[in-house]
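Spelled out from the first residue to the last, the chains are:
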Amino acid sequence: MRRQEFERLVAQVLDALPRQFRRHMRNIAVVVETAPSRELLEEMDLWPDHTLLGLYQGVPLPDRGHSYGNVLPDHITIFQQPIEALYRSPEEIREAVRETVLHEVAHYFGLDDERIDELMEP
């Protein structure tokens, strides 16, 4: 899949978020990168057997105090290559992008992996 098309999938997921969530998303950059670096995977104790589909870096909303401000944007990265390696059809890729973006946005709102997994169960 071309990068532009993949970025469009990410944008569509963000645009589809309910308004009450979108309006609270400030000072956050969402980007697509090809793949996580080996250094990042090692830092997160994922190398060599695992990879990342997405990553949230920042201070979750509930952890921000009154003095929080004048900071660089939080950062959500969606990694295209690992998603395409794990999911083959356009439908599977679209669903993986949706789940990954929602997972990382949930971290922005302060949810941990366990709670996210509970909420995303069918």
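As a starting point, this report considers the structure included with it. (Residues numbered from 1 in each chain as written. Predicted model: local features only at pLDDT ≥ 70, side-chain atom pairs only at ≥ 80, totals over all residues. Heavy atoms only, no water.)

## Re the packing of aromatic side chains
- Applying the stated criterion across every chain, the model contains three aromatic pairs.
- Relative to Tyr 108, the ring of Tyr 56 lies with its centre 6.2 Å away and its plane at 80 degrees, an arrangement referred to as edge-to-face. You can see Tyr 56 sitting in strand β2 (residues 54-57) and its partner Tyr 108 sitting in helix α5 (residues 90-108), a full 52 residues away along the chain.
- By relative accessible area, which is 12% here, Tyr 56 ends up buried.
- Aromatic pair Tyr 108 and Phe 109: ring centres 5.2 Å apart, planes at 85 degrees, arrangement edge-to-face. Phe 109 carries the same exposure label as Tyr 108, and that label is buried.
- Chaining the aromatic ring pairs together yields one cluster made of Phe 21, Tyr 56, Tyr 108 and Phe 109. (Phe/Tyr/Trp six-rings, centres within 6.5 Å; stacked < 30°, edge-to-face > 60°. Helix = DSSP H or I, 4+ residues; strand = E, 2+ residues; numbered from the N terminus. Buried < 20%, exposed > 50% of the residue type's maximum accessible area, 1.4 Å probe, protein only.)

## What to know about the packing of helix α1 (residues 3-16) against α5
- Where α1 contacts α5, the two axes come as close as 9 Å, and the packing angle between them is 55 degrees. Between α1 and α5, the angle falls in the class oblique. At the point where α1 passes α5, the crossing takes the right-handed sense. Residues Phe 6, Leu 9, Val 10, Val 13 and Leu 14 of α1 touch α5, and the partners they reach there are Ile 93, Arg 94, Val 97, Arg 98, Val 101, Leu 102 and Val 105.
- A per-class count over the contact of α1 with α5 returns 10 nonpolar, no polar and two charged. (Axes fitted to C-alpha atoms, helices over the stretch in contact; angles between N-to-C directions. Parallel < 35°, antiparallel > 145°, perpendicular 65-115°, else oblique. Left-handed = near helix turned anticlockwise from the far one by under 90°. Contact = heavy atoms within 4.5 Å. Nonpolar A, V, L, I, M, F, W, Y, C, P; charged D, E, K, R; others polar.)

## With respect to the sheet that holds strand β1 (residues 28-33)
- Strand order in this open sheet of three strands is β1-β3-β2, and the pairing throughout is mixed. The sheet is open, and its two edges are formed by β1 and β2, each paired on a single side. Strand-to-strand twist in this sheet, taken as the mean axis angle between neighbours without regard to direction, amounts to 15 degrees.
- Relative to strand β3 (residues 74-79), β2 runs antiparallel, the two being bridged by four bridges. From the neighbouring strand, Gln 57 faces β3, where its bridge partner is His 75.
- Along the sheet, α1 makes contact with β1 and β3, crossing β1 at roughly 145 degrees. (Pairing = 2+ DSSP bridges.)

## Some thoughts on α5
- Helix length check: α5, at 19 residues, gives a terminal C-alpha distance of 27 Å against a target of 27 Å (1.5 Å per residue), a fit within 8%.
- If you check which residues of α5 are buried, you get Ile 93, Ala 96, Val 97, Thr 100, Val 101, His 103, Glu 104, Val 105, Ala 106, His 107 and Tyr 108.
- Elements in contact with the buried residues of α5: α1, β1, β2, β3, α4 (80-86) and α6 (113-120).
- One or two steps after α5, the chain reaches Gly 110, where phi turns positive at roughly 95 degrees. (Expected span 1.5 Å × (residues − 1).)

## Overview of the environment of Ile 28
- As for its placement among the helices and strands, Ile 28 is situated in strand β1.
- Separated by 15 residues in the primary sequence, Ile 28 and Glu 43 have C-alpha atoms spaced 23 Å apart.
- Every residue in contact with Ile 28, bar those within four places of it in the chain, is listed here: Tyr 56, Pro 73, Asp 74, His 75, Ile 76 and Tyr 108.

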